[in-house]
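# Structure at a glance
So you can see what is in the structure, the chains are spelled out below.
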Amino acid sequence: MMTSCWSTLPFIFLSSCMVAASPPGCKIRITDRGLEMLKFETQKFVEEELSNITMPEMKGKEGRFQYTITDVKIMELNLTHAELQFVPGVGLLFDVQNSSITLSLQRQILYWLFYDTGNINASAEGVNINTVLNLIRDEDGRLKINNMTCDAKISKMRAKFSGTLGRVYQFMARFLTTGMRFLLNQKICPALDHAALVHVNAMLETIPVRTEVDEYIGIDYSLTTDPVVTARSLDMNFRGMFFELTDQNDTLINQAAEPIIREYDRMVYFALSEFFFDSGMFSYYKAGIFQTDIIHEKMPKDLEMLLKTTYFGTIMMLNPALIDAPISLQITVNSPPKCSVKTSGATVVMTAVVKVMVLPQGRSPVQLSSMTMETKFNAKFSVRGKRLAIHADLRRFKIFSNQSALESLALIPLQAPLKTMLQMSVVPVINKWTKRGVGIPLPDGLDLIEEVVEYHNGFIVIGANLHFSKGLREMITGNI
């Protein structure tokens, strides 16, 4: 028993290495152009986060003056000089330089027996904030902000007192602004740290990683590695694999070429390998949806008449009474369809067994013949919102008998009417499933526009621009 266990270890180790080394079925690249658009939403989000900063009450004594500062509110943030950039090998940099913050606060001042209250308008100038977000793949395969480094500095603050004694109190501005600047410096980074590690990560957790596509199959969009950050892009490798819901562990092995993204012109790029599509068709094949019966009203009358004429001799040999019984075609795909992507376009090859059945009333169906049907479809890809859809057109069709070469010759007259029947009855059923599309792993509120599909040997690349249908704040709070 021990010898047997040890003998299987090399195979287990080799198998696990092969799985780990499997190329991604899907790649996503966010370019510096996409980051430029994201910068405006990030800037608004940071302004909103900082405006919610709460300042503690300040109390103190300066000579014979006793003061209390309350109700400190940030009235306006002017982050005009903000940049969002990639940090190679790390993640993202959000940098704010030479910006300003306007505050309002209430004073209570006691001098001897005189008590005075009023408003103080303060402004922080030369506000510099430097934050770096480290991006990783978490244990579930999601994109995650692992940690954040932050440095915030305010070069100077000014304060203006209102009220009848406002000018008298101006000498107090120096030590009050010094205290406020210290407190504000201490509040900025914790606020941004909470926004990134809590709020943004909560939004990232809502992006589907392993989710259902429909009642038959699901898709795995987990990251296979940590994201790769360069000076121009954020590149992410996803498993990009479909699975049948009732048997999620029996999946297709990825032997396809790894997709490659070379472009930077658009905001975002998606590269999908042949494995991405093959795993989907493999999962649907396992679920048993690639079968249909052409019967009764689905059967064209001229095709039924042609089938009765072709198999007239067989019917008469079986039972002449069957000549008036209706004819049906049972079509069952007998192997998973295969996708092929070339620079000229994408095709799908499908092989099915077609059984010609006669249906006597009140009796079991009788098989007249069995034939093999080989079909090739052109596949065209499109993106709607953030869903990838496929449209199929029948390109090539061929049938031959499973019983004899002589019968194959007799089937030649059936080629054209069967092809027409497929185009009218079967292809619409296929497109009914594929036009629903599959979701692309993007957060709710972010859509794709102006997409362009390029075909390469072994994979497709979809380039698109981004459109925010919701603000970043709404995306985060809505998802939470």
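Not measured: the values here are computed from a predicted model.

### Focus on the overall build of the protein chain
Per the secondary structure count, the protein chain includes nine helices and 22 strands. What you see for the protein chain is a C-alpha radius of gyration of 34 Å, clearly larger than the 23 Å of a compact globule of 480 residues, by over 25%. Judged by the C-alpha coordinates and their principal axes, the protein chain covers about 125 × 60 × 40 Å. By residue count, 46% of the 480 residues in the protein chain fall in the buried class. Counting contacts in the protein chain only where the partners sit at least 6 residues apart, residues at least 24 apart contribute 69% of the total. In the form shown here, the protein chain has an accessible surface area of approximately 24500 Å², with 55% of it arising from carbon and sulfur atoms.

### Quick notes on a positive patch on the surface
Together, Arg384, Arg387, Lys432, Lys435 and Arg436 give the surface a local cluster of positive charge. Positionally, arginine 384 belongs in strand E18 (residues 366-384).

### Some words on the state of the cysteines
Following the criterion strictly, the structure yields one disulfide and no others. Across a sulfur-sulfur distance of 2.1 Å, cysteine 150 and cysteine 189 are joined as a disulfide pair. For the disulfide bridge between cysteine 150 and cysteine 189, the dihedral angle about the S-S bond is near -75°, and by the sign convention the bridge is left-handed. Of the two residues, cysteine 150 sits in strand E7 (residues 143-161) while cysteine 189 sits in helix H3 (residues 173-204), which places them 39 residues apart along the sequence.

### Considerations on the environment of phenylalanine 238
With respect to the helices and strands, phenylalanine 238 occurs in strand E11 (residues 233-238). Setting aside residues up to four positions removed in sequence, phenylalanine 238 forms contacts with Pro24, Gly25, Cys26, Ile28, Tyr221, Ser222, Leu223, Thr224 and Pro441.

### Considering the domain arrangement of the protein chain
Domain boundaries assigned for the protein chain yield domain 1 (32-207) and domain 2 (210-468). Inter-centroid distance (C-alpha atoms) of domain 1 to domain 2 is 56 Å. Listed per partner, the contact involves 21 residues of domain 1 and 25 residues of domain 2. Carbon and sulfur atoms make up 68% of the area that domain 1 and domain 2 hide from each other, which totals about 1800 Å². Our count for the contact surface shared by domain 1 and domain 2 stands at zero salt bridges. Inspection of the domain 1/domain 2 interface yields six residue pairs in polar contact (both at pLDDT 80 or more). Elements with a minimum of two residues in the side of domain 1 that touches domain 2: helix H2 (32-51), strand E4 (82-87) and strand E6 (114-137). Per-element accounting of the side of domain 1 that touches domain 2 gives the leading share, six residues, to H2. Considered class by class, the residues forming the side of domain 1 that touches domain 2 number eleven nonpolar, four polar and six charged.

### Quick look at the pattern of salt bridges
Taken as a whole and assessed by the stated rule, the structure comprises 18 salt bridges. Its salt-bridge partner being lysine 39, residue glutamate 36 comes within 3.3 Å of it at the nearest N-O pair. Separated by three residues within a single helix, glutamate 36 and lysine 39 lie in helix H2, roughly one turn from each other. Of the residues examined, glutamate 36 reaches a relative accessible area of 35% and is grouped as partly exposed. Across the salt bridge formed by arginine 473 and glutamate 49, the nearest N and O atoms sit 2.3 Å from each other. Remark: glutamate 49 occurs in helix H2 and arginine 473 occurs in helix H9 (residues 472-479); sequence separation between them is 424 residues. Given a relative accessible area of 10%, glutamate 49 falls into the buried group.

### So, the pairing of E7
Residues in a regular strand point their side chains to alternate faces of the sheet. Here E6 runs beside E7; their pairing, made up of 17 bridges, is antiparallel. When the bridges of E7 are listed, asparagine 128 appears paired with lysine 153.

About the criteria used
- Residues numbered from 1 in each chain as written.
- Predicted model: local features only at pLDDT ≥ 70, side-chain atom pairs only at ≥ 80, totals over all residues.
- Heavy atoms only, no water.
- Helix = DSSP H or I, 4+ residues; strand = E, 2+ residues; numbered from the N terminus.
- Rg over C-alpha atoms; globule rule 2.2 N^0.38 Å.
- Buried < 20%, exposed > 50% of the residue type's maximum accessible area, 1.4 Å probe, protein only.
- Contact = heavy atoms within 4.5 Å.
- Areas by Shrake-Rupley, 256 points an atom, 1.4 Å probe, with all protein chains shown as cover.
- Patch = residues over 30% accessible without salt bridge, like charges linked within 9 Å, V, L, I, M, F, W, Y side chains within 5 Å.
- Salt bridge = Lys/Arg side-chain N within 4 Å of Asp/Glu carboxyl O.
- Lys, Arg positive; Asp, Glu negative; His and termini not counted.
- Charge placed at Lys NZ, Arg CZ, Asp CG, Glu CD.
- Disulfide = S-S within 2.5 Å.
- Domains from an automatic or database assignment.
- Buried area = accessible area lost by both parts, 1.4 Å probe.
- Polar contact = N/O pair within 3.5 Å; in protein donor to acceptor, adjacent residues only side chain to side chain.
- Nonpolar A, V, L, I, M, F, W, Y, C, P; charged D, E, K, R; others polar.
- Pairing = 2+ DSSP bridges.

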